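Now for the letters of each chain:
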Amino acid sequence: MKTIKFRVWDTQERVNQMIYLTPEFLKERQGNLQDFLYSDRFIPMQFTGLLDKQNKEIYEGDIMKSKYNFAWRKWWSDLEEKKELDKDWEKQKKKVESDVDKVEFRKGCFEWGYKNFRSFCVSGDVLQELFESDKGCDGEGESRWWDFEIIGNIYQNPKLLK
């Protein structure tokens, strides 16, 4: 069963600690969340279910630093052309870049990084996406993301995104 957890940023106190909405916390408040959900004071952020490379829980609003690579190749017309394209494909996959972005919940999933990516699979400690464009493009691409690290959040460290 997936654990659904939230933490809350207190906009009035602007404290460094987050308030975690755990079952124990709800018991203390007799299950009343109205002051959190219907108030401008508290901003809830949901747990993604993922951990960074330091085993820290990743929440919506966190700022992530990660490494990635991206490869693109056009569709080939014959096997000779495919051999050449495959060489370039493998070369592209070895080029490592880094990215800093915020974690957002959009369109039913948590996203960060390169905004065109949507369908990921997890393989060990690597987040991978295989995709084909359905918009008339003439090729395929692959992106791999790894080495995720939380370096702050959008409320305490907004300058990290600039």
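Residues numbered from 1 in each chain as written. Predicted model: local features only at pLDDT ≥ 70, side-chain atom pairs only at ≥ 80, totals over all residues. Heavy atoms only, no water.

A.B. asks: Got a minute to help me understand the overall build of the chain in this structure?
C.D. replies: Each helix and strand counted, the chain has 3 helices and 11 strands in total. The linear arrangement of helices and strands in the chain, starting from the amino end, is β-β-α-α-β-β-β-α-β-β-β-β-β-β. Summarising the internal contacts of the chain: among those between residues at least 6 apart in sequence, 61% fall at separations of at least 24. Carbon together with sulfur atoms contributes 50% to the accessible area of the chain, which is approximately 11000 Å² in total. (Helix = DSSP H or I, 4+ residues; strand = E, 2+ residues; numbered from the N terminus. Contact = heavy atoms within 4.5 Å. Areas by Shrake-Rupley, 256 points an atom, 1.4 Å probe, with all protein chains shown as cover.)

A.B. asks: What exactly am I supposed to notice about the pattern of salt bridges here?
C.D. replies: A side chain of one charge can pair with a side chain of the opposite charge when the charged atoms of the two come close. For the structure shown, the criterion picks out 11 salt bridges. For Lys-53, the salt bridge is made with Glu-149, and the minimal N-O distance between the two is 3.9 Å. Of this pair, Lys-53 sits in the loop between β3 (42-51) and β4 (57-59) while Glu-149 sits in strand β11 (residues 139-153); the two residues are 96 residues apart in sequence, bridging distant segments of the chain. (Salt bridge = Lys/Arg side-chain N within 4 Å of Asp/Glu carboxyl O.)

A.B. asks: Please clarify how unusual backbone geometry should be interpreted in this entry.
C.D. replies: Phi is mostly negative for residues that are not glycine, and the peptide bonds are mostly trans. A positive phi angle, near 65°, is found at Asn-55, a position not held by glycine. Inspection of the secondary structure assignment puts Asn-55 in the loop between β3 and β4. Of note, Asp-147 is a non-glycine position whose phi angle comes to about 60°, a positive value. Here Asp-147 lies in strand β11.

A.B. asks: Which parts of the structure should I look at to understand helix α3 (residues 79-94)?
C.D. replies: Each α-helix winds once per 3.6 residues, and so residues spaced three or four apart point in a common direction. In this model, α3 (16 residues) spans 23 Å end to end at C-alpha, consistent with the 22 Å of a helix rising 1.5 Å per residue. In this structure Asp-78 caps α3, since a side-chain oxygen of it lies 3.1 Å from the backbone nitrogen of Glu-80. (Expected span 1.5 Å × (residues − 1). Polar contact = N/O pair within 3.5 Å; in protein donor to acceptor, adjacent residues only side chain to side chain.)

A.B. asks: Sorry if this is basic, but what is going on with the packing of aromatic side chains here?
C.D. replies: To describe a pair of aromatic rings, you give the distance between the ring centres and the angle between the ring planes. Under the definition given, this model contains 3 aromatic pairs. Ring plane angle 65° and centroid distance 6.2 Å describe the contact between Trp-75 and Trp-76, whose orientation is recorded as edge-to-face. Using a relative accessible area of 38% as the deciding quantity, one classes Trp-75 as partly exposed. By relative accessible area, Trp-76 is classed as partly exposed at 30%. When the ring centre of Trp-89 is taken as reference, the NZ or CZ atom of Arg-73 above it lies at 4.0 Å. Of note, Lys-82 hangs over the ring of Trp-76, and the distance from its end group to the ring centre comes to 5.0 Å. (Phe/Tyr/Trp six-rings, centres within 6.5 Å; stacked < 30°, edge-to-face > 60°. Buried < 20%, exposed > 50% of the residue type's maximum accessible area, 1.4 Å probe, protein only. Lys NZ or Arg CZ within 6 Å of the ring centre and 35° of its normal.)

None of the figures reported here should be taken as evidence of function without further support.
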